[in-house]
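Observations on the model geometry
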Amino acid sequence: MSTPHHGRETLGAHEVAAWLRHHPAFLQQFPDLALSLVVPREDGPASSLASYQLEVLREKNRELNRRLHELSANAQVNERLAVRTHQLALALMKQTSAADTLRAMAASLQEDFAGDLVRIVLLQPVDGLQDEPWLQVHADGSELLVPFRDCLADGEPLCGRLHPDKHALLYGEQAGDVASSALLSLPGTGLVAVGSHDPNRFYPGMGTLFLRMMGEALAVALARFD
């Protein structure tokens, strides 16, 4: 970069900055200049360029460590969910009747997955199941299932605060105690709902991979008794 002479246009700050961006190794040729430059700080006095760069690197390192900690924590959560989902699938396949399969599903959701309220809605009755507190039976095409029509058709899990009509059918008098829900659709079979008192337990946009796996495991287990 040549020094501007008298009679020629002086370089402005933007031109200097643009030139330095294209020549990042410039200060390696002039280390004394790198040490003499000062960088203003928002929360304190000016510092040397070297000190500023060191502070930036430290901040980046802290941010990377924070992200690594989050990734590690998420990996541990996913590992626990994977183990529980696998155990659930095994437990369902060990049952010898459709009634016992559904009982095992409800028990696992309550105990292993800490569901505050568990509900299973079937489209047809199952022998051996009558007065279970978590069970409802509504014929396919029932007006009561109209709010769930799209869900039953596409089989997509839903998470978050469900529509009041859905809450009323699933949880009845306890609907007011449910702040968030996970809803599994079993096309041709019915629905499985897990309600939580925690509004942040289930939320729109959360991953549904394990929910899908649980729903598929139940559907396959029940299909053995058709």
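Everything that follows concerns the structure shown earlier in this document.
Residues numbered from 1 in each chain as written. Predicted model: local features only at pLDDT ≥ 70, side-chain atom pairs only at ≥ 80, totals over all residues. Heavy atoms only, no water.

What follows is about the overall build of the chain. Of the regular secondary structure elements, the chain holds eight helices and seven strands. When contacts within the chain are restricted to residue pairs at least 6 apart in sequence, those whose partners lie at least 24 apart make up 51%. Element-wise, carbon and sulfur atoms account for 54% of the exposed surface of the chain, whose accessible area totals about 14800 Å². (Helix = DSSP H or I, 4+ residues; strand = E, 2+ residues; numbered from the N terminus. Contact = heavy atoms within 4.5 Å. Areas by Shrake-Rupley, 256 points an atom, 1.4 Å probe, with all protein chains shown as cover.)

This part is about the side chain of S185. Relative to the helices and strands, S185 resides in strand β6 (residues 180-186). From its side chain, S185 meets the backbone oxygen of C151 in a polar contact 2.7 Å long. Those residues in contact with S185 that sit more than four places away from it in its chain are C151, L152, G155, E156, G190 and L191. (Polar contact = N/O pair within 3.5 Å; in protein donor to acceptor, adjacent residues only side chain to side chain.)

This part takes up unusual backbone geometry. Positive phi, normally seen in glycine, also occurs at A114, with a value near 50 degrees. Here A114 lies in the loop between α5 (98-111) and β3 (117-122).

Time to look at the packing of α5 against helix α8 (residues 209-223). Closest axis-to-axis distance for the α5/α8 pair is 9 Å, and the angle between their directions is 160 degrees. In terms of orientation, α5 lies roughly antiparallel with respect to α8. Read as a crossing pair, α5 and α8 show a hand that is right-handed. Here A98, T101, L102, M105 and L109 of α5 come into contact with α8, specifically with M214, L218, A221 and L222. Each residue belonging to the contact of α5 with α8 can be placed in one class, and the counts come to eight nonpolar, one polar and no charged. (Axes fitted to C-alpha atoms, helices over the stretch in contact; angles between N-to-C directions. Parallel < 35°, antiparallel > 145°, perpendicular 65-115°, else oblique. Left-handed = near helix turned anticlockwise from the far one by under 90°. Nonpolar A, V, L, I, M, F, W, Y, C, P; charged D, E, K, R; others polar.)

This brings us to the environment of L135. For L135, the position within the fold is in strand β4 (residues 135-137). It is 6.0 Å that separates the C-alpha atoms of L135 and V121, two residues lying 14 residues apart in sequence. Not counting the four nearest positions on each side in its chain, L135 is found in contact with I120, L122 and L129.

Counting residues in each nonpolar core, the largest one holds 30 residues, and the members touching the most others are L92, L102, M105, L109, I120 and L218. Of all the secondary-structure elements, those providing two or more residues to this core are α4 (49-94), α5, β3, β6, β7 (190-196) and α8. Excluding residues within four positions of it along the chain, L109 makes contact with A114, G115, V118, V192, V194 and M214. Counting residues in each nonpolar core, the second largest holds 16 residues, with F148, L162, L170 and Y171 among its members. (Core = buried A, V, L, I, M, F, W, Y, C linked by side-chain atoms within 4.5 Å. Buried < 20%, exposed > 50% of the residue type's maximum accessible area, 1.4 Å probe, protein only.)

With that out of the way, let us pick up the pairing of β7. For a regular strand, side chains alternate in direction, first toward one face of the sheet and then toward the other. Of all seven residues in β7, seven are buried, a share of seventy percent or more. A two-sided burial pattern is seen for β7, the buried positions comprising G190, V192, V194 and S196 on one face and L191, A193 and G195 on the other. Bridge count between β3 and β7: six bridges; the pairing is antiparallel. Pairing of R119 across the sheet is with A193, part of β7. The sheet contact formed by β6 and β7 spans seven bridges and is antiparallel. (Pairing = 2+ DSSP bridges.)

Here the focus is the packing of aromatic side chains. The description of two aromatic rings rests on the distance between their centres and on the angle between their planes. The full count for this structure, using the stated rule, is zero aromatic pairs. Positioned above the aromatic ring of F148 is the side chain of K166, whose terminal nitrogen or guanidinium carbon lies 5.8 Å from the ring centre. (Phe/Tyr/Trp six-rings, centres within 6.5 Å; stacked < 30°, edge-to-face > 60°. Lys NZ or Arg CZ within 6 Å of the ring centre and 35° of its normal.)

Further remarks concern the layout of surface pockets. Empty space within the largest pocket amounts to approximately 510 Å³. If you go around the largest pocket, you meet 22 residues; those closest to its centre are L81, R201, F202, M206 and G207. Those elements that place two or more of their residues in the lining of the largest pocket are α4 and α8. The element that contributes the greatest number of residues to the lining of the largest pocket is α4, accounting for five residues. Residues belonging to the lining of the largest pocket are distributed by class as follows: 14 nonpolar, five polar and three charged. For the lining of the second largest pocket, the secondary structure elements donating two or more residues are α5 and α8. For the lining of the second largest pocket, the class distribution of residues is eleven nonpolar, four polar and two charged. (1 Å grid on protein atoms, 1.4 Å probe; cavity = no way out; pocket = protein on both sides within 12 Å on 5 of 7 lines; lining within 4 Å. Points joined across faces, edges and corners; volume = space filled by probe spheres on them.)

Purely geometric stuff here, so don't read any function into it on its own.
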